[in-house]
Amino acid sequence: MDTADTRTGPSPLPLPAAAPRGGLHRFANPGRFLRLSGQVLPWLTAAAVLVLGIGLPWGLFFSPPDWQQGETVRILYVHVPMAWLAMGGYAGLALGSVLSLIWRHPLADLACRELSPVGALATALCLATGSLWGKPMWGTWWVWDARLTSVLVLFFLWLGHAALVRAFDDTERGARMGAILALIGAVNVPIVKFSVDWWNTLHQPASVTRLGAPGLHVDILYPLLTCGLGFTLAFAALVLARTRAAVMERRIRALQLAAARRAEAP
Amino acid sequence: MSLHWIHVTASYALVCGGFLILAIATISRHAAAKRRLAQLDPRASRRAQEPS
């Protein structure tokens, strides 16, 4: 049970309640978050537009066709970044869920809530572009191999999270349920990553992130990394802007509620 | 246009279109929230614009 410390002198021991206020809790103040994110967001957006403005035309027009895949290799400049964002974003969601569940960080709840629709979009685009690559290369839009199936499960986990956090009237309860789902679903991320090594799949094994030298020529690797960076910056800017909007909407609801209470009071 | 290029164009259109639609929706949501907050609490919205 919590008791108030009534001593006037300096406390001989650090107060337990003061400990979680440092570190990431500095950013739990909505005013401070809005100020800081307001300064970061324009730079993040400008960097995303600039890097994508270089990376997308590079991949689409200036990189050479592959000796086996021909022009279809250009799909990989958008497909691979979407796959990275689908997995990396989910790792971010799991981290935010840990912050939310253990440290009850109020902004982590909102960030996770705003992250899941963007993550679901990236995963859907990964599946769609993979399918568009698969038809001319494999001769089929879809196969039930371990990589494709685990990414489809990841897509349902993103959708499930987005739906679950919005399904409760009590937003805190919704955030807790969403965090539990995100942490359970995090088991799927290493399955997606290593599925091509653990099982015999039609999907090729990792080319860029394998140990040792990447299995791609620099003419393909550099535009791919540029597009990867550009889409990561765009993803971060979208999530940050959505979180800012959510913080402002929460403040609006609080102000409207306070105004309604004042109007009801005799 | 070959079949390969049709698939490439469709992929780029999907990804760029998807991100663009989400960006437009986010910008309009952000602007609406900012406008409403400025109406309800003008002092706080002015403070939020100031550098920390």
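Rules used in this analysis
Residues numbered from 1 in each chain as written. Chains lettered and ligands numbered in written order. Predicted model: local features only at pLDDT ≥ 70, side-chain atom pairs only at ≥ 80, totals over all residues. Heavy atoms only, no water. Contact = heavy atoms within 4.5 Å. Buried area = accessible area lost by both parts, 1.4 Å probe. Salt bridge = Lys/Arg side-chain N within 4 Å of Asp/Glu carboxyl O. Polar contact = N/O pair within 3.5 Å; in protein donor to acceptor, adjacent residues only side chain to side chain. Disulfide = S-S within 2.5 Å. Buried < 20%, exposed > 50% of the residue type's maximum accessible area, 1.4 Å probe, protein only. Phe/Tyr/Trp six-rings, centres within 6.5 Å; stacked < 30°, edge-to-face > 60°. Lys NZ or Arg CZ within 6 Å of the ring centre and 35° of its normal. Helix = DSSP H or I, 4+ residues; strand = E, 2+ residues; numbered from the N terminus. Expected span 1.5 Å × (residues − 1). pLDDT = per-residue confidence, 0-100. Core = buried A, V, L, I, M, F, W, Y, C linked by side-chain atoms within 4.5 Å.

Undergrad: Please clarify how the interface of chain B and chain A should be interpreted in this entry.
TA: Think of interface size as the accessible area that goes away when the parts come together; that is how it is often given. Taken together, the contact pairs 28 residues of chain B with 42 residues of chain A. Between chain B and chain A, the buried area comes to about 3,200 Å², and carbon and sulfur atoms account for 75% of it. If you sort the residues of chain B by the area they bury against chain A, Tyr12(B), Phe19(B) and Arg29(B) come out on top, with a joint share of 23%. Linking chain B to chain A there are two salt bridges. For Arg29(B), the salt bridge identified is with Glu249(A), shortest N-O distance 2.9 Å. Across the chain B-chain A interface, the total number found is six residue pairs in polar contact (both at pLDDT 80 or more).

Undergrad: Even after reading the chapter, I still don't get the state of the cysteines, so can you show me in this structure?
TA: A covalent bond between the sulfur atoms of two cysteines is what we call a disulfide. In the structure shown here, the tally under the stated rule is zero disulfides over all chains. For the unlinked cysteine Cys16(B), the closest cysteine sulfur is that of Cys227(A), found at 8.9 Å. Note on Cys16(B): relative accessible area 32%, which makes it partly exposed.

Undergrad: In this structure, what is going on with the packing of aromatic side chains? I would like to understand it.
TA: The description of an aromatic ring pair rests on the distance of the ring centres and on the angle between the ring planes. All names here are of chain A. Summed over all chains, the structure comprises seven aromatic pairs over all chains. Counting every residue linked through ring pairs, the aromatic cluster contains Phe-194, Trp-198 and Trp-199. Taking the ring centre of Phe-194 as reference, the NZ or CZ of Lys-193 above it sits at 5.7 Å.

Undergrad: Looking at this structure, I do not really get the environment of Thr72(A). What am I missing?
TA: Structurally, Thr72(A) can be placed in the loop between helix H1 (30-62) and helix H2 (76-102). In sequence terms Thr72(A) and Leu132(A) are 60 residues apart; their C-alpha atoms lie 9.0 Å from each other. Excluding anything up to four places from it in sequence, Thr72(A) contacts Trp133(A), Pro136(A), Met137(A), His4(B) and Val8(B). There is a polar contact of 2.4 Å between the side chain of Thr72(A) and the side chain of His4(B).

Undergrad: Honestly, the side chain of His7(B) in this entry has me stumped. Any pointers?
TA: Turning to its location among the elements, His7(B) is positioned in helix H1 (residues 3-40). Apart from residues lying up to four places away in sequence, His7(B) is in contact with Ile75(A), Leu132(A), Lys135(A), Pro136(A) and Trp141(A).

Undergrad: Looking at this model, I keep getting lost on H1(B). Mind explaining?
TA: One full turn of an α-helix is made of 3.6 residues, so residues set three or four places apart face in the same direction. A rise of 1.5 Å per residue sets the reference length of H1(B), with its 38 residues, at 56 Å; its end C-alpha atoms lie 55 Å apart and thus fit the reference within 8%. Every buried residue of H1(B) is listed here: His7(B), Val8(B), Ser11(B), Tyr12(B), Val15(B), Gly18(B), Phe19(B), Leu22(B), Thr26(B), His30(B), Ala33(B) and Leu37(B).

Undergrad: Would you mind going over the pattern of salt bridges with me for this structure?
TA: Close approach of charged atoms allows side chains with opposite charge to pair. Here the structure, examined in full by the defined rule, presents four salt bridges over all chains. Linking Arg74(A) and Glu71(A) is a salt bridge whose minimum nitrogen-to-oxygen distance equals 2.7 Å. Glu71(A) sits in the partly exposed class, given a relative accessible area of 22%. We note a salt bridge from Glu114(A) to Arg29(B), for which the minimum N-O separation is 2.9 Å. Separated into two different chains, Glu114(A) in helix H3 (residues 106-138) and Arg29(B) in helix H1 make up a pair that spans both. Here the salt bridges share partners, and the residues they tie into one network are Glu114(A), Arg242(A), Glu249(A) and Arg29(B).

Undergrad: How should the confidence of the model for chain A be read in this particular structure?
TA: Interpretation of the predicted coordinates at a detailed level should be avoided for regions scoring low in pLDDT. Residues and elements named next belong to chain A. The predicted model of chain A averages 86 in pLDDT, with 87% of residues at 70 or higher. Here helix H6 (residues 188-198) is the element of chain A with the lowest mean pLDDT, 88, and helix H4 (residues 146-165) is the one with the highest, 95. Counting interchain partners and residues more than four positions distant, the pLDDT-below-50 stretch residues 1-20 has four contacts.

Undergrad: Would you take a moment to explain the nonpolar core for this structure?
TA: A general trend in soluble globular proteins is that nonpolar side chains are found buried together. Ranked by internal contacts, the top residues of the largest apolar core, which has 67 residues, are Met82(A), Tyr90(A), Phe231(A) and Phe19(B). Those elements giving two or more residues to this core turn out to be H1, H2, H3, H4, H6 and helix H7 (218-264) of chain A together with H1 of chain B. The greatest single-element share of this core, amounting to 17 residues, is contributed by H7(A). If near-sequence neighbours (up to four positions away) are discounted, Phe19(B) is found in contact with Met82(A), Leu85(A), Leu121(A), Leu125(A), Phe231(A), Ala234(A), Phe235(A) and Leu238(A).

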